[in-house]
Each structure stands twice: as structure tokens, then as C-alpha cells.
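Descriptive analysis of the structure
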Number of protein chains: 2
Amino acid sequence: MHGPRPTLEAVAAHAGVSRATVSRVVNGGAGVRKALRDRVQAAVAELGYVPNSAARSLVTRRTGAVAVVIAEPETRVFSDPFFAQQLRGISRELSACDTQLLLLLLEGRTDYDRIGRYLAGGHVDGALMFSLHRDDPLPSMAAVSGLPTVFGGRPGWPGAETDPDLLYVDTDNRGGARQAVEHLLERGRRRIAVITGPLDQTSAQDRLDGYLDALGVTEADPALVAHGDFTAEGGERAMAELLDRSPDLDAVFAGSDLMASGALRTLRARGRRVPEDIAVVGYDDLEPAAWADPALTTVRQDVQEMGRMMAGLLLRRLGLGADGAPREEPPAPVVTPARLIVRDSS
Amino acid sequence: MHGPRPTLEAVAAHAGVSRATVSRVVNGGAGVRKALRDRVQAAVAELGYVPNSAARSLVTRRTGAVAVVIAEPETRVFSDPFFAQQLRGISRELSACDTQLLLLLLEGRTDYDRIGRYLAGGHVDGALMFSLHRDDPLPSMAAVSGLPTVFGGRPGWPGAETDPDLLYVDTDNRGGARQAVEHLLERGRRRIAVITGPLDQTSAQDRLDGYLDALGVTEADPALVAHGDFTAEGGERAMAELLDRSPDLDAVFAGSDLMASGALRTLRARGRRVPEDIAVVGYDDLEPAAWADPALTTVRQDVQEMGRMMAGLLLRRLGLGADGAPREEPPAPVVTPARLIVRDSS
């Protein structure tokens, strides 16, 4: 069963034709008489020959595969439902276009060289990258290699804003955060703290800006800001810091549901009632929001749909659509809306 | 930034040499004078040329990449910490050997054709496959293509037992389950039910066999067996069925921590105290066991280490080791031990 793969030469010998004829039949059959084509195809079937894609992609210049790179250690990729949702959308869209999704896992920065070589090496037709940080080397690796790439989240690195070729799918993070904090103000909350994600990501910075917008200020009260890292543990720590610094706070807006669930844990441990003593609002509307006790008020972004759109943009840049037909309109960045979902925690 | 990638021809023109010379330099430089080699390398650097791996792998017959296929819909891949742990072990081992991990996501059976073509297409040096079901088409796809493959879990398809070439990493599921049920007997439990995983997977069947071993029977009392699917929802449903059929049961052994956590939910909803009324034991010792309330007695298998071993076996079959040197000893299947961890639920 594990014998060597039959070669083009073996097929040629079996069919009694030249290597070139087999090659022509395997790559579409143009210019080969039907009788000869049938003979080659019978030999291919009989030997179980599979054309080597390395050889074939030299001809077609397409691999039929797309790389997905999440610029986070795989521990985070698998513990944050955000990535699962985004991958689900991507997977469905690529699948519909018969394109293979390859998820490239990385442990840390030491893996970047290898990933850069892989992306530049002609193994894939394009790449989808998300959760990039401002100083991430991946975008320039992709740019240097000329690999068509679509980003998840608005790129924030120097020069990104003026690059007309960048394709990305973002959501209205600033508007969503503004809605969240306006809602807390309407409920009569006056000392509203914020737990931010990593501020070298535009999503985290935009959500902080929306918080400031709603409060009508340009700078935050340092006693009311704590930094998390988009994880539950980060939210837990940040909430503890905030309570130590500002014991009189009456609300907190967390930049992700995972951080909000960590904040709820700290509040429970400290004996603070939610929402009676302190109202909590999260961001994402993923599983942790529904599981939270009390159920979490949050801002919904359709993460799966954003994944689908990323894949769709890339397929169009590659001249393909989910229906297999080339599309006319040139692909352009997309920003999806965000919407407050009020539950029990506020 | 997104211009076309420089070609071999462009490098040849820039350096004023032939295509063949550039190719020879790029593939190691054997038989090319140093002066000429330097000139080509300068042109490569200046133009930012990256050799196309498709072309290069025709020469070296290696891609530097390994595919990982989990034979489950991606929704399960991302909701079961078992897979995250196994991937972590695989990722670290491959990374240490400078080999790129490609996780191939699939939505369902309709994606198998495409994955089969990808695996057969020369894109990867080998494959790691896990969570296979008895009738899964993936193993024969890999065998037909001659792709070196290592399986996670003992293969259970017809003919697998007598195939001396199969490589896999398994754990002592039967012995682990036996320990779990013997522990319940020692605690004085007499009506012990079992929640099984999908019985077309050897891990689930072996755990059921270990349950029977401990009870000293060859067939289970049908009133005490319910089938889950290795998910929390499956465990929730199975526990409800068991309580309806056998309201007097005093213990349950669940074939995975996720199913045990679902069973705990049902017991709480039905007002049964754990462990006072009903003792619960899980399997895996992953996060859900520690998070469970009460903390779950379970059987520990070192899932991350099993992932590492799978990658290690494949690298050795490919003639590589984590140290980059070929190893002498031929690779062989591995079965790791399982160990009962007693906590509060029993």
C-alpha cells in the first residue's frame, strides 16, 4: 500500500506513448487525438497515477490552496472563539470555490522566518492574515513575495493608510464601542472604566476611541483605564487593578467578551454584584457572552460573515468567485456594522 | 508592493548569464564557478527573487511541509480542547525540525475529494491524521498516494490490524477506563452507567471494553449504556436518557471530560447531587475537568505528548529527527499509559 507513487514515465510506458503525450493529456489534453487520449487515461486510471502538483503548478501557476495565518501563538488561536468563527466563514467560502484552506500554525516569532519562506515559495495562490500587530513582519513578507493577501482588521502599520492596494475586512469598532458606553450613560452610570485589548491592534485602539467619543473627551482618566490582552486572564487582572485604583467605579466596558468574562470572575470574587453595583458590557457577542452569569450585554459583530468576506475578497483578487466565474467589479476594503445587544449585565 | 514576482529569466538577464546557470546556483551552486555564482547571487538579492518551490521541489522532492488532517468538522476541532493540545505537541515538534505545519480544515464529507487530491498532489512530505472513524476514506487516500502518514489513535478499519506498515500513537484507553470503573466499585458504587463516544472510533470502543473488564462482564446492561458523541451536548443528552431508563443508578463513567461536563449539567438540572447521589468520572484530564463543578475525577492521558510523538514518528519515517539527523531505529507504533486522577466528583 505504501509503495512509490507511479510516475509519468510509468504511465507513458504502460500506454506505449511518449512522456510528452502523457503530460499533455494530464494537463487538459489539447492537441492529442481522442484514441491516444483514451489510451493514456486508461493507463492513468489503471496505475492510480496522480499528477504531481509541483510539476503541474509550473504549467498552470496555480496551486488551488490559500494560506491562513493568525499572528498569535496557537494557544490563543484555540482558546478564543473569535478565531474559530472567522475560520468557519473562511472555510465555507473557500470550500464553495474548491480551494484548500491551509492553516499555518505558529508558536511565536521564531517561526516567522519559516512562514515567510513558505508564503514566498509558490505553495499557495494567496493568503489571509489576521490579528496582526503594528510591528508584525508578515505583511511586508507577503508584499515582497507579491502574494495576493487580504487582512482581517484594518491594517495599522506605518504606510498602510495610504496604500491603495491593501484589501481588508474590518468592523465598525469605534461606533460599536460608542454605542456600548452611551448605553451605560443612559442607564445612569457615571464612573465608567474601560479594559482595552493590545493597543498595537487597530481593533483595540478603535474601541478605546469609541469609549472616549461617548464620554466626550479626548483623553481617558488614567484611573479608569486598564490594559488586558484580549484573554479572560487579562480581563481578570485588569478588573482587579481597576477596583484597586477606583473602588467607586459603577460600570466597565471590556473590549472583548473573553476579557469581560474574566472581569465578571474578579467582581464575583470581590463580592461586587452585577449589574446592581457594577454594570459590565463586553464586545464580540460570541459564546462567552451567552455563557456568562449574568448574561453579558455586548456588541455584536458578525465574525463568521467577516471571514466569509475576507475569503471572497481574496478569491476575487485571484480572478475567481464562489461561483467559479471571474467577477467584474474590483475588490475593495469592507467595513461591517456593529450593534449593541442588551442582556442582564448592564 | 504587489507587483509580479521576479522570474528566473529576469535574474538571468540581470546577471547576464543563462537560465540554467541561475537554476544551478539557486539549487545549491554545484559546478558553477565562484565568480559566476557571486554574480547570480547579487542579482537574486537585488531583484528580491525567491525560487519557486514548485520548481525546486521537482529537484529535491521535498516540500518542508506536513499536513495535519482532523477527520471532524471544524466546529468540533475548535470546541474540543483535545485537538488544541494535540496540535500544540505536533506544532512544537515540527517547528523544532523547521517543518511547516499545515492544518487542513474540512467542513464535512464533501471536502474529502479535495483533501485527497491535495494529499496526493506532492504538496507535503507527509501527513498526520487523527480522530478517524472506521469507514473514513482518508487512510486509503494516503496509502494510494504513497504519502508517509502517522495516525493518532489505533487504526480500526478492516485490515489495519495486520498491516505492518501502519504507524500510530495510541494511549491505553482500555486500561484507563478499567481504572476509572474499578475506582467507582471501590467507592461502593453498584449501579454504574457508561456514556460512550462514537463506537466507530477505537478509543471509544476500548473505553467501553475497559468498563466491561472492570465489571467482569462481556456485555453491558443495555439500561446502563448511552451513546454520546464526545461533545458536551452529547453527554447532556446521554445522561438524561440514563436517568429516565435507570433512575436508581449511582455512578456514571463518561468516555470524555466534555461528555462528563454535559452529564454534570443534566444532573444539576435534575437536582441530583454529585458525588453524594451519583458519582461521575470523565476521561482526558483537559481543561473541562478542572473547570467542572465539582472538580472532575478523570483519567489522564498526556495529549500534547502524544501529538509530539506523532510528529516525531513521521519525521523519523521521513529520515529526519528533531535534531535534523537521520535516526537509525525504525519507527514503530507507540501506546502511552493512562492514569486515574481522583478529584471531587467521585
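Structure: see above.
On a predicted model such as this, the values are computed, not experimentally measured, just so you know.

Criteria and thresholds
- Per-chain numbering applies: the sequence of each chain, read as written, is numbered from 1 onward.
- By the order in which they are written, chains take letters starting at A while ligands take numbers starting at 1.
- Side-chain atom pairs in this predicted model are given and counted only at pLDDT of 80 or more, local residue features only at pLDDT of at least 70, and totals for whole chains, interfaces and linings cover all residues.
- Excluding hydrogens and water, the side-chain figures rest on all heavy atoms present in the structure.
- Between N-to-C directions, angles span 0 to 180 degrees; the directions come from axes that are lines fitted to C-alpha atoms, helices contributing only their stretch in contact.
- Counting from the N terminus, the helices are DSSP H or I runs at least four residues long and the strands are E runs at least two residues long.
- Reported orientations rely on four angle classes, namely roughly parallel under 35 degrees, roughly antiparallel over 145, roughly perpendicular from 65 to 115, and oblique for the rest.
- Two helices cross in a left-handed way if the nearer one is turned anticlockwise from the farther one by less than a right angle. They cross in a right-handed way if the turn is clockwise.
- Contacts between residues were defined by any pair of non-hydrogen atoms, one from each residue, lying within 4.5 Å.
- Basically, the charged four are Asp, Glu, Lys and Arg, the nonpolar ten are Ala, Val, Leu, Ile, Met, Phe, Trp, Tyr, Cys and Pro, and anything else, Gly included, counts as polar.
- Think of it in three bands: with a 1.4 Å probe and only protein chains considered, a residue is buried below 20% of the maximum accessible area for its type, exposed above 50%, and partly exposed in between.
- Note on pairing: DSSP must find at least two bridges between two strands before they are called paired.
- Classification remark: right-handed applies to a crossover when, strands pointing away from the viewer, the course from the first strand over the helix to the second runs clockwise.

1. Details of the packing of helix H11 (residues 232–245) of chain B against helix H12 (residues 257–269) of chain B
Residues and elements named next belong to chain B. One can describe the packing of H11 onto H12 by two numbers: an axis separation of 6 Å at closest approach and a directional angle of 50 degrees. In terms of orientation, H11 lies oblique with respect to H12. In terms of crossing hand, the pair formed by H11 and H12 is right-handed. Every residue of H12 that contacts H11 at Ala232, Glu233, Gly235, Glu236, Met239, Ala240 and Leu243 is listed here: Leu258, Met259, Ser261, Gly262, Ala263, Arg265, Thr266 and Leu267. Looking at side-chain class alone, the contact of H11 with H12 contains eight nonpolar, four polar and three charged residues.

2. Some remarks on the packing of helix H6 (residues 81–96) of chain A against helix H14 (residues 303–317) of chain A
Residues and elements named next belong to chain A. In contact at an axis separation of 7 Å, H6 and H14 are set at 40 degrees when each is read in the N-to-C sense. As far as their axial angle goes, H14 and H6 are oblique. Crossing of H6 over H14 shows right-handed handedness. Contacts from Phe82, Gln85, Gln86, Arg88, Gly89, Ile90, Arg92, Glu93 and Leu94 in H6 reach Val303, Gln304, Met306, Gly307, Arg308, Met310, Ala311, Gly312 and Leu315 in H14. Among the residues forming the contact of H6 with H14, the class breakdown is eight nonpolar, six polar and four charged.

3. Comments concerning the pairing of strand S3 (residues 126–130) of chain A
Successive side chains on a regular strand alternate, one facing one side of the sheet and the next facing the other. All names here are of chain A. With five of five residues buried, S3 lies mostly within the body of the structure. Alternating residues of S3 divide into Gly126, Leu128 and Phe130 and Ala127 and Met129, and every residue in both groups is buried. Judged from the five bridges that link them, strand S1 (residues 65–70) and S3 form a sheet pairing that is parallel. By the bridge assignment for S3, valine 69 is matched with methionine 129. With four bridges connecting them, S3 and strand S4 (residues 149–152) associate as parallel partners. Paired with alanine 127 across the strands is threonine 149, a residue of S4. In this region the chain leaves S3, passes through helix H8 (residues 138–145) and returns to the parallel neighbour S4; the handedness of that crossover is right-handed.

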